[in-house]
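Chains, contacts and geometry: an overview
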Amino acid sequence: MTNEIYVEKNGYIATLVLNRPDKRNSLSRAMFQAIVDQLELLRIDSSIKLLIVRGVNEVAFSSGADISEFLDVRYATDNAKAYNELALKAIDALYKFPHPTIAMIQGLAIGGGLELANACDFRIATPKSKLGITAANIGIVYNLESTKRLINIVGVAKAKEILYTATIFTAEEGKNIGLITAIHEPEEIDEATLQFAEHLLSKSSIANAGIKKIIQAIVDGEIEENDELAQLVLDSFSSDDYNEGIQAFLNKRKPIFNK
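This report concerns the structure included in the present document. (Residues numbered from 1 in each chain as written. Predicted model: local features only at pLDDT ≥ 70, side-chain atom pairs only at ≥ 80, totals over all residues. Heavy atoms only, no water.)

Glancing now at empty space enclosed by the protein. Which parts of space are left empty comes out when a probe the size of a water molecule is rolled across the atoms. This model, assessed by the stated rule, comprises one cavity of 30 Å³ or more. In this structure, the largest cavity encloses a volume near 50 Å³. Surrounding the largest cavity, Lys-49, Leu-50, Pro-100, Leu-200, Leu-201, Lys-203, Ser-205, Asn-208 and Lys-259 form its lining. Looking at the lining of the largest cavity, the elements that each hand over two or more residues are α8 (189-201) and α9 (205-219). Its residues assigned to classes, the lining of the largest cavity comprises four nonpolar, two polar and three charged. (1 Å grid on protein atoms, 1.4 Å probe; cavity = no way out; pocket = protein on both sides within 12 Å on 5 of 7 lines; lining within 4 Å. Points joined across faces, edges and corners; volume = space filled by probe spheres on them. Helix = DSSP H or I, 4+ residues; strand = E, 2+ residues; numbered from the N terminus. Nonpolar A, V, L, I, M, F, W, Y, C, P; charged D, E, K, R; others polar.)

The following block contains the structure:
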């Protein structure tokens, strides 16, 4: 497994770090595979209840897929198909991670970098962050899954503007269209992201995991509650978290949920 992707753990929080600073964390084929592998390990780790994704330094979250290797691994139909399937597998694994996810965006989040960030539940940036999807600059048709995810976040009209123009825009512009959750100064973003993560962790992990699954079902096209989702709701009423939440409310105190 490449050391260009590594994981740090701090209590219930795991941080997936993109570690290719000399290339502004551009994503190689090997890195996409490493993301798949690391997320699978974290998915089955019962001690982890929240995931942060970030670049190793303030220069970039990720400047996108590594174009320098495209002629070797993403050229012509067969090679492109295999590459695209792996990249989408990595992004989908992040999108379907069972617990809340936060992209901490410092510097660039371009192309595949923003695609990765958009697979997270929340995106926190600095005023200096630059965002964009520049597929139109190199003749690539942006894939359906990530286009749909972008539309779900910013709407059809803004998605068209972002994709057609391949414009690089600011974090403030991203916040205005709902793409960015919050903006913090570079010297504050680490602490602010951690505080937001801890706030999420103070809530019921059972509720948040279920909420995430139901929201994803809605944005992925479900219009009625199927048996699996209905059972998910019913099971929450017999959980320890439900009992703790009710007792805390009745006794006018903050709940302390199991993790």
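Before going further, it helps to spend a moment on α9. Taking 1.5 Å as the rise per residue, α9 with 15 residues should run 21 Å; its terminal C-alpha atoms sit 21 Å apart, in good agreement. Of the residues making up α9, those classed as buried are Ser-205, Asn-208, Gly-210, Lys-212, Gln-216 and Ala-217. Residue Ser-204 occupies the N-cap position of α9, its side-chain oxygen lying 3.3 Å from the main-chain nitrogen of Ile-206. Looking one or two residues past α9, Gly-221 carries a phi angle of roughly 115°, positive in sign. (Expected span 1.5 Å × (residues − 1). Buried < 20%, exposed > 50% of the residue type's maximum accessible area, 1.4 Å probe, protein only. Polar contact = N/O pair within 3.5 Å; in protein donor to acceptor, adjacent residues only side chain to side chain.)

Quick look at the pattern of salt bridges now. One pass over the full model with this rule turns up 12 salt bridges. For Glu-85, the salt bridge goes to Lys-81, with nearest N and O atoms at 2.6 Å. Linking Glu-85 with Lys-81, this pair stays in helix α3 (residues 77-95), spanning four residues, or about one helical turn. Its relative accessible area of 45% is what places Glu-85 among the partly exposed residues. When the shortest N-O distance is used, the salt bridge between Lys-212 and Asp-121 registers 3.0 Å. Pair noted here: Lys-212 is in helix α9 and Asp-121 is in the loop between α4 (112-118) and β7 (122-125), with a separation of 91 residues, a long-range link. Take Lys-212: its relative accessible area is 8%, and that puts it in the buried class. (Salt bridge = Lys/Arg side-chain N within 4 Å of Asp/Glu carboxyl O.)

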